[in-house]
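Read off the chains here:
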Amino acid sequence: MVAQPGRTRDAAGRNAPRGNVAGIGLEKLSYRGRRFPGFVKRFSFAVLVSLSGIYACATSAADETEARAFFEKKIRPVLVENCFECHAEGAKKIGGKLRLDTAEGLRKGGESGTPMVPGNPEESLLVQSLRWEFDLEMPPEKPLSPAVIQDFVTWIRMGAQDPRESTPAVSPPPDANTIAELAKTHWSFQPVANPEAPIVDDENWPRDPLDRFVLAGMEKAELAPTSDAPPGVLLRRLFFDLTGLPPTASQVADFAEEYERDGQEAVARWVDDLLASPQFGERWARHWLDVARYGESNGNDGLSRNPSFPHAWRYRDYVIDAFNRDVPYDRFLIEQVAGDLLPAENDAQRDRQLVATGFLALGAKPAKAMNNNFEMDVVDDQINVVGAGIMGLSVACARCHDHKHDPIPTRDYYALAGIFKSTETMWGVAANEALTAPATDLHVLKAAAKVPPPKGWKETVLVIESNTGKPKPPPKPKWEPGTPLAMGVRDKKETADCQINLKGESKQLGDKVPRGFLSACSLPGDAIKVNPKASGRRELAEWLTRPEHPLTARVMVNRIWLHLFGQAIVGTPDDFGVYGDRPTHPELLDHLATRFVAEGWSMKRLIRTIVLSRVYQLDSAADLRMVEADPGNVWLARHLRRRLEAESLRDSMLAASGQLDLAPAQGSLIRHRDILVNLAGNLHEPSRHRSVYLCMLRNSPPPSLSAFDLPDATTVLGKRSSTVLPTQSLYLINSPFAVEQSLAFAGDLLKTDPAREQDRARAEAAVRRALGREPQSGEAERGLAMIRAIEPELATKFSDVEECRLHAWAAFCQGLMATNEFRYVD
């Protein structure tokens, strides 16, 4: 069976008309908590999802990868270090007949019963034992730190996924020879090649050399590319991919006319305009902020305290500005790792470089109380954001022992740890809550201090007292009130190499390791040595950005490809190690990495190259036989339909309602609040600005974004989950934000000429605003039929005729914003 023209794949993989919600028409309308059953016949862009929830819960591969990563990083090491002596194969006696070295053993339990209730940590014996409750005390010698216990709570609440095999793998840590062999043979540690573009059968199809690499793979798999995307589909894709915003109907019409006349020259003009717009930086900064685990509060420290980071927003603005100015990626990294150590021509440049080092200070920190490892936990977070974020390697897994599967010995971990242990990390006073984190200094910004802040502007002035929840004056400041401050790092006055922490314990010290880098990535003629009188961050930054580095460019071009195609060349963008995915197109990856470096590490230039390619501009509609032959679209013979991320969905709703304010927001809601977020209640306020400017508090995300897979900002995340859940349908129906935007949308439609004679034109205008295209035959009529059907029901609630009319039109507008066509991009 062949998919009909104009049809595509819906979120569940079925064929459905563009604009339809999984092919389901409006049978029942739920509006503001009320039901309006059965009045409206099925119409093509089908509307609100009923409260019963038509979506099946689905866990994507990205969810499983994230859950596996959490277990591997947070849970397995604790089990190995603290439990296996008594609860694993090889123990002298299996304590309580409980095996913890296999997934089956952990699920089955021992003499005391099942240790876990997935999704319910409070009822789980494992958590009770770790908390030393009800005479259950594990480990018996001393309790684990509250932060570690909280990790188990989080893991069980997530569903307690355990990726281990039923039979424990006997895999002793790799010896030096094994590590050296892996470094020589694993693909990601090999030098980046510069392969020649392959010869293809259809020489007329490629527009760019990268097209040849893709087409060669298709031809080898006996596939042919689908047709090019129609102009309207292509422009909508370009707008969302480059700016995160939809085009207007008039822009779509103008582009279609230019495309008909000028073809690819028209595409290039529009692409250049989009790349030059300030909205480009706002869109692409958000991708990097996921990698940088950006948050404006610490998150739960294990003791339920969540201090704010009132100066984190400056790092956000730095990233937006860097993408808009097209700061070369190598310079972008150098500034974030060692900006405080670089020369500056003026105070403004100096400020930017200091703010950039917030990259290393933003991480979520465990409680300092009863935690001898606090300083090394901070270092571990910094090693992880550099390792996974920049190099795509889980270097932090070598903290307690040689990495189990990647060529990263423990000595390499502590070579890097010495660099960051010689670095002072500055996050501020942490709400003056010493049990969470000791107060630190902050960077003082000179150029920013010379600017008349906006009227009503305040910097940090408020601290909440934890035991009462009442405000108290902040501690005596080191600065004059109102001084511009920033999180970041700087070298300690005394720097030194780090000793190996045996089993990851700071009190159990082994050999001292000279500061340095990863031995598996040793570069030809590598002569970068750490200055013994400095931390070594500048040398680390230089090493990371050497053109010959095998990982840095590969990882970033893979991230860019992921955001433009919805699928990466390496499917695990944060893991290029042995357990990560192999590249589907290894020669294409190296071709892009080589071009990226040769063209000055320009992110805009690489993005422009990709979006002007033939493969990027393919349609998402495809012959069903093609889809069945390659259901995962490994060979890129079509484009993937993708759901909008949380930020783009919210911004699109604001744009449709006419409420979107494109001006950059000033600062943050908490720029003047050094507080414990957990005691402050709901801090979020309505905003018309773009979503990137909303206050991103850990454990308290913006309500208008939280339903759609917003990351928790506790670790590096290069690829977001994309779930389909009933709660998302409920959000689009009942959330205050969705209702407010639908009322604003309807009010704007009615204010010009509210006469009923204009209703048809009004309905057509609503379709244009929401979906960016001309209404199809019958759509306006069916929309009006819906409005007329629910007006009698609304009349029983609203005595004012105009108010009743407003809410009826709001239901129609809300329906448009709930359609697949609005929420997905082809």
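Residues numbered from 1 in each chain as written. Predicted model: local features only at pLDDT ≥ 70, side-chain atom pairs only at ≥ 80, totals over all residues. Heavy atoms only, no water.

Here's the deal with the overall build of the chain
Working step 1: The helix and strand inventory of the chain stands at 29 helices and 15 strands.
Working step 2: Looking at the chain as a whole, 57% of its 826 residues qualify as buried.
Working step 3: Accessible surface, the chain as shown: approximately 34,600 Å² in total, 52% of it carbon and sulfur. (Helix = DSSP H or I, 4+ residues; strand = E, 2+ residues; numbered from the N terminus. Buried < 20%, exposed > 50% of the residue type's maximum accessible area, 1.4 Å probe, protein only. Areas by Shrake-Rupley, 256 points an atom, 1.4 Å probe, with all protein chains shown as cover.)

Digging into the packing of helix α8 (residues 231-243) against helix α9 (residues 249-262)
Working step 1: Remark: α8 packs on α9, axes separated minimally by 9 Å, with the N-to-C direction vectors making an angle of 120°. In terms of axis orientation, α8 runs oblique to α9. When the axes of α8 and α9 are compared, the crossing they make is right-handed. Contact residues: α8 offers P231, G232, L234, L235 and F239, while α9 offers Q251, V252, F255, A256 and Y259.
Working step 2: Across the contact of α8 with α9, the residue classes tally to eight nonpolar, two polar and no charged. (Axes fitted to C-alpha atoms, helices over the stretch in contact; angles between N-to-C directions. Parallel < 35°, antiparallel > 145°, perpendicular 65-115°, else oblique. Left-handed = near helix turned anticlockwise from the far one by under 90°. Contact = heavy atoms within 4.5 Å. Nonpolar A, V, L, I, M, F, W, Y, C, P; charged D, E, K, R; others polar.)

A word on the pattern of salt bridges
Working step 1: Across all of its chains, the model carries 52 salt bridges by this definition.
Working step 2: Of the charged contacts, one joins D381 and R293 as a salt bridge, the two residues approaching to 2.6 Å between their closest N and O atoms. Taken as a pair, D381 in helix α15 (residues 374-391) and R293 in the loop between α11 (278-291) and α12 (313-324) lie far apart in primary sequence, 88 residues in all. Across the pair, R293 and D381 agree in class, each one buried.
Working step 3: R773 serves as the salt-bridge partner of E779, at 3.1 Å between the closest nitrogen and oxygen.
Working step 4: When its relative accessible area of 15% is taken as the criterion, R773 is described as buried.
Working step 5: A cluster of three or more residues bridged by salt bridges with shared partners is formed by R760, E764, R768, E774 and E781. (Salt bridge = Lys/Arg side-chain N within 4 Å of Asp/Glu carboxyl O.)

Notes on helix α13 (residues 329-338)
Working step 1: Within α13, eight of the 10 residues are buried, which leaves the element mostly enclosed by the surrounding structure.
Working step 2: Within α13, the full set of buried residues consists of Y329, F332, L333, I334, E335, Q336, V337 and A338.

So, the nonpolar core
Working step 1: The biggest cluster of nonpolar side chains holds 186 residues, and the ones touching the most others in it are W288, Y315, F332, W543 and W561.
Working step 2: Ranked by residue count, the leading element in this core is α15, at 10 residues.
Working step 3: Contacts of F332, omitting those with residues within four sequence positions, involve W288, Y318, V319, A322, F323, V327 and M603.
Working step 4: Ranked by size, the runner-up nonpolar core spans 20 residues in total, among them F71, V78, L100 and V127. (Core = buried A, V, L, I, M, F, W, Y, C linked by side-chain atoms within 4.5 Å.)

Some points on helix α21 (residues 603-611)
Working step 1: Burial of α21 is extensive: seven of the nine residues sit out of reach of the surface.
Working step 2: For α21, every residue scored as buried is listed here: M603, K604, L606, I607, T609, I610 and V611.
Working step 3: The N-cap of α21, judged by a side-chain oxygen 3.0 Å from the amide nitrogen of R605 a few residues on, is S602. (Polar contact = N/O pair within 3.5 Å; in protein donor to acceptor, adjacent residues only side chain to side chain.)

Quick notes on the packing of aromatic side chains
Working step 1: Evaluation of the coordinates by the stated rule reveals 24 aromatic pairs.
Working step 2: In textbook terms, an aromatic cluster arises when at least three aromatic residues are bridged by ring pairs, as seen for W288, Y315, Y318, F323, Y329, F332, F359, F596 and W601.
Working step 3: The residue whose ring lies beneath R237 is Y616, and the NZ or CZ to ring-centre distance is 5.6 Å.
Working step 4: One Lys or Arg, R293, reaches over the ring of F359 and ends 6.0 Å from the middle of that ring. (Phe/Tyr/Trp six-rings, centres within 6.5 Å; stacked < 30°, edge-to-face > 60°. Lys NZ or Arg CZ within 6 Å of the ring centre and 35° of its normal.)

Notes on the packing of helix α26 (residues 759-771) against helix α27 (residues 779-795)
Working step 1: One way to put it is that α26 packs onto α27 with a least axis distance of 9 Å and a crossing angle of 110°. The angle between α26 and α27 falls in the class roughly perpendicular. Side by side, α26 and α27 meet where D759, R760, A763, E764 and V767 of the first sit next to E779, A780, E781 and L784 of the second.
Working step 2: Here the residues of the contact of α26 with α27 sort into four nonpolar, no polar and five charged.

Considering the state of the cysteines
Working step 1: Inspection of every chain in the model, using the stated rule, returns zero disulfides.
Working step 2: Of all cysteine sulfurs, the one in C86 lies closest to C83, which takes part in no disulfide; the gap is 8.9 Å. (Disulfide = S-S within 2.5 Å.)

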